[in-house]
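Below are the chains, spelled out letter by letter.
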Amino acid sequence: MLYISYLSPICFYRDDNRYENSDDYIQSFYINDTTTFQLFGDPGHVVKAFVAGKAITLTEVKPDADNPLSFYEFTLNKSVWEEPGCYKILLNVDNVDYVESLPFIVSSDASYFENSVLISYTNRDNDIAFNTLFNYNNTQRTFSFRVQGGFKSSGVSMNVETENYRTQRQEIIPLYSIPYETETLVIGDSLGVPVWIGRLINYIFSLSEVSVNGVDYVRNESSIPEQQVIAEDYKQYNYSIALQRALNLMYYDIKPSDTSRWVLSRGKWDADGYWLANGKWYAK
């Protein structure tokens, strides 16, 4: 039996409910996008994958000697889909067709993706229950997919983490005050996206490293993708989730000896031997 990674950027099943209208969502990729796809299963089987009748090279990996399962992965990129069009992935086990993905579109028109975001994600280790191998032979696997959505200015919230000390005379002495912002990522457009997209977003922001259009983000506390209904009995929705930037941009400082370069003021020496503490730079 084959098991597909819960973090697969390609969907192989559709939530079916006879009491609602069927969804017409078709996933899309830019022709220059690159992503990784993983699955695993019992050993001793011959697993193949095809896109538009063309065989894809599968790499078989073993996470460790004690794990009886076989992991397979392949890369989806321009060398696979070659030209714009509508594609499906067919998985074949022992020369028998096993399962076929939902259709997805590959486009070379960059304007088609102006209202979409590219989400890339990985995890620092393999100790997470998503049927996914993130690190093997010291090589980090990164997954990515595109989806309609973006950040709205109305979703920006100003916050501060602060602590004060009160003396015996009831005088207040500020110990620290760190401003930060939360941003709301909205997934879906006027047509919405199916439930499996919202589920995947929730899985993704449980990982250690996630970027949206190249900027690293983390889930804001226990924020989850909140569903907004577009129409009754319509199986596509909009989702919103509150995020924080992984790096607090308000705490970047200019190094005095080189104002053309920015360095992050964290508790460690920088590459040139400077330490930032209490707003001052100290030489090593």
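Preceding block: the structure.
Here is a short report on the structure shown in this document. On a predicted model such as this, the values are computed, not experimentally measured, just so you know.

Details of the overall build of the protein chain
The secondary structure content of the protein chain amounts to two helices and 25 strands. Counting all 284 residues of the protein chain, 40% fall into the buried class. Put simply, 65% of the contacts in the protein chain that link residues at least 6 apart link residues at least 24 apart. Total accessible area on the protein chain stands at roughly 16,400 Å², and carbon and sulfur atoms take up 48% of it.

Quick notes on unusual backbone geometry
The phi torsion at Glu82 lies on the positive side, around 60°, for a residue other than glycine. Positionally, Glu82 belongs in the loop between α1 (78–81) and β8 (85–87). Located in the positive-phi region is Asn213, a residue other than glycine, with phi close to 55°. Considering the arrangement of structural elements, one finds Asn213 in the loop between β18 (209–212) and β19 (215–219).

Re the side chain of Ser240
Residue position: Ser240 is located in strand β21 (residues 237–245). Given a relative accessible area of 15%, Ser240 falls into the buried group. Reaching out from Ser240, the side chain makes a polar contact with the side chain of Gln228 at a distance of 3.2 Å. With residues up to four places along the chain from it excluded, the contact list for Ser240 reads Thr184, Leu185, Val186, Ile224, Pro225, Glu226 and Gln228.

Things to note about the sheet that holds strand β11 (residues 104–107)
With mixed pairing, the three strands of this open sheet are ordered in space as β2-β11-β8. Each edge of the sheet is formed by a strand with only one pairing partner; in this case those strands are β2 (27–30) and β8. On average, each strand axis in the sheet is inclined to that of its neighbour by 30°, with strand direction left out of account. In the sheet, β2 pairs with β11 via four bridges, with the strands oriented parallel. Among the inter-strand pairings, Tyr30 is bridged to a residue of β11, identified as Ser107.

Points about the side chain of Thr132
One can find Thr132 in the loop between β12 (116–122) and β13 (135–136). Residue classification places Thr132 among the buried positions, given a relative accessible area of 5%. Of the polar contacts made by the side chain of Thr132, one reaches the side chain of Ser5; its length is 2.5 Å. In this structure the side chain of Thr132 is engaged in a polar contact, spanning 2.7 Å, whose partner is the backbone oxygen of Phe130. Leaving out residues up to four positions away in the same chain, Thr132 has contacts with Ser5, Tyr6, Leu7, Gln38, Asn126 and Phe143.

Examining a nonpolar patch on the surface
A cluster of nonpolar residues, Tyr165, Ile173, Leu175, Tyr176 and Ile178, forms a patch on the protein surface that exposes about 450 Å² of accessible area. The element contributing the most residues to the nonpolar patch is strand β17 (residues 172–187), with four residues.

A word on the sheet that holds strand β3 (residues 35–41)
An order of β1-β3-β7-β6 is seen for the four strands of this open sheet, with the pairing classed as antiparallel. If you trace the sheet from one side to the other, it starts and ends with β1 (2–4) and β6 (59–61), each paired once. Averaged over all neighbouring strand pairs, the angle between strand axes comes to 30°, with direction disregarded. Across three bridges, β6 lies against strand β7 (residues 70–76) in antiparallel orientation. Opposite Glu60, over in β7, you have Tyr72 as the bridge partner.

Procedures and definitions
- Residues numbered from 1 in each chain as written.
- Predicted model: local features only at pLDDT ≥ 70, side-chain atom pairs only at ≥ 80, totals over all residues.
- Heavy atoms only, no water.
- Helix = DSSP H or I, 4+ residues; strand = E, 2+ residues; numbered from the N terminus.
- Buried < 20%, exposed > 50% of the residue type's maximum accessible area, 1.4 Å probe, protein only.
- Contact = heavy atoms within 4.5 Å.
- Areas by Shrake-Rupley, 256 points an atom, 1.4 Å probe, with all protein chains shown as cover.
- Polar contact = N/O pair within 3.5 Å; in protein donor to acceptor, adjacent residues only side chain to side chain.
- Pairing = 2+ DSSP bridges.
- Axes fitted to C-alpha atoms, helices over the stretch in contact; angles between N-to-C directions.
- Patch = residues over 30% accessible without salt bridge, like charges linked within 9 Å, V, L, I, M, F, W, Y side chains within 5 Å.
- Salt bridge = Lys/Arg side-chain N within 4 Å of Asp/Glu carboxyl O.

Take it as geometry only, folks, not as evidence of what the structure does.
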